[in-house]
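# Reading the structure
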Amino acid sequence: MSQDALKKAAGWAALDYVEPDTIIGVGTGSTVNHFIDALGTMADQIKGAVSSSEASTERLKALGIEVFDMNSVSELSVYVDGADEINAKMEMIKGGGAALTREKIVASIAKKFVCIADESKLVDILGQFPLPVEVIPMSRSAVAREIVRMGGDPVYREGCITDNGCQIIDVWGWNIDAAKDLENKLNNIVGVVTNGLFAQRGADVLLLASEDGVKTIK
């Protein structure tokens, strides 16, 4: 089974967590695209969605799903999103697609966070995938210097402008065993919008696709 087929299996499995007549939080990325396609089959059964990116918004609207401004929504029944890495504590690295800030914002009002991933994303220790940090453009070099002092190896993601008009630094060289602590430290650096560690608000459910099917981990 191809990796894309595994992503599709995980994405469609998340339909089990979609409650009729509710507003759904929708993430961003290749696995989430399969979930959006699946969600399209029940577009008339839900009120709509809050989206974490312009790309997901366009895909949702194309399937006839109303997309709400989050400022008009107080709570989401579920937020469905992928991960670049996830560990046994349900802590994640996200942001490979540069939507980390909006993903974190949408996740913050969801009663349940369902992570959909193929088995390659489950790791013992976070950090083999570079950790994205979204920064205000004028602060990029200052933030990078501070990250070097923290032992990281920051690399500017050239040509990447987020939906918020910001830039991304990808941090290599960290084996992250205290994700919550590092998430807080990075977010306290002046000029950082947020970072791609989803540890303070990790996943509640992991739908992990493999050759043997989709396993539910809680």
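Described below are features of the structure shown in this document.

Moving on, we come to the overall build of the chain. In terms of helices and strands, the chain carries six helices and 13 strands. A compact globule built from 218 residues should have a C-alpha radius of gyration of about 17 Å, and the chain, at 17 Å, falls within 12% of that. Across its three principal axes, the chain shows a C-alpha extent of roughly 50 × 40 × 30 Å. The buried share among the 218 residues of the chain stands at 54%.

Before going further, it helps to spend a moment on the nonpolar core. Membership of the largest hydrophobic core comes to 27 residues, with the highest contact counts inside it found for Val 18, Val 26, Phe 35, Leu 39, Val 114, Ile 116 and Leu 207. Broken down by secondary-structure element, the contributors of at least two residues to this core are helix H1 (3-13), strand E1 (23-26), helix H2 (30-39), strand E3 (78-81), strand E6 (113-118) and strand E12 (205-210). A total of five residues in this core trace back to one element, the largest contributor, which is H2. The residues touching Val 114, leaving out its near neighbours within four places in the chain, are Tyr 17, Val 78, Tyr 79, Val 80, Asp 81, Val 205 and Leu 207.

The three strands lie next to each other as E4-E5-E11, forming an open sheet whose pairing is antiparallel. Edge positions in the sheet fall to strand E4 (85-86) and strand E11 (197-198), since each has one partner strand and no second. For E4 and strand E5 (residues 92-93), the ladder comprises two bridges, and the chain directions are antiparallel. What sits directly across from Glu 85, in E5, is Ile 93.

Before going further, it helps to examine empty space enclosed by the protein. For the structure shown, the criterion picks out one cavity of 30 Å³ or more. Taken as a whole, the largest cavity spans an internal volume of roughly 30 Å³. Together, Ser 52, Ala 98, Ala 99, Arg 102, Glu 134, Thr 162, Asp 163 and Asn 164 line the largest cavity. A class-by-class count of the residues in the lining of the largest cavity yields two nonpolar, three polar and three charged.

To continue, consider the sheet that holds E3. Sheets are built from strands paired through backbone hydrogen bonds, the pairs being either parallel or antiparallel. The strand order E2-E1-E3-E6-E12-E13 describes an open sheet built from six strands, whose pairing is mixed. This sheet does not close on itself; its edge strands, each paired only once, are strand E2 (48-51) and strand E13 (213-217). Between one strand and the next, the sheet's axes are offset by a mean angle of 25°, whatever the strand orientation. Where E1 meets E2, four bridges bridge the pair, whose relative direction is parallel. Its bridge partner being in E2, Val 26 is matched across the sheet by Ser 51.

According to the stated counting rule, one finds one aromatic pair in the structure shown. Between Tyr 79 and Phe 113, the aromatic rings sit 5.1 Å apart at their centres with planes inclined by 75°, giving edge-to-face as the arrangement. One end of the pair, Tyr 79, is in strand E3; the other, Phe 113, is in strand E6, with 34 residues separating them in the sequence. Per residue, the accessibility class of Tyr 79 equals that of Phe 113, and both read buried.

Right, let's get into the environment of Ile 176. Here Ile 176 is to be found in the loop between strand E9 (167-172) and helix H6 (179-187). Through-space distance from the C-alpha of Ile 176 to that of Val 18 is 32 Å; in sequence the pair is 158 residues apart. Excluding residues within four positions of it along the chain, Ile 176 makes contact with Ile 93, Ile 125, Leu 126, Gly 127, Leu 131, Leu 182 and Leu 197.

Quick notes on the rules
- Residues numbered from 1 in each chain as written.
- Predicted model: local features only at pLDDT ≥ 70, side-chain atom pairs only at ≥ 80, totals over all residues.
- Heavy atoms only, no water.
- Helix = DSSP H or I, 4+ residues; strand = E, 2+ residues; numbered from the N terminus.
- Rg over C-alpha atoms; globule rule 2.2 N^0.38 Å.
- Buried < 20%, exposed > 50% of the residue type's maximum accessible area, 1.4 Å probe, protein only.
- Core = buried A, V, L, I, M, F, W, Y, C linked by side-chain atoms within 4.5 Å.
- Contact = heavy atoms within 4.5 Å.
- Pairing = 2+ DSSP bridges.
- 1 Å grid on protein atoms, 1.4 Å probe; cavity = no way out; pocket = protein on both sides within 12 Å on 5 of 7 lines; lining within 4 Å.
- Points joined across faces, edges and corners; volume = space filled by probe spheres on them.
- Nonpolar A, V, L, I, M, F, W, Y, C, P; charged D, E, K, R; others polar.
- Axes fitted to C-alpha atoms, helices over the stretch in contact; angles between N-to-C directions.
- Phe/Tyr/Trp six-rings, centres within 6.5 Å; stacked < 30°, edge-to-face > 60°.

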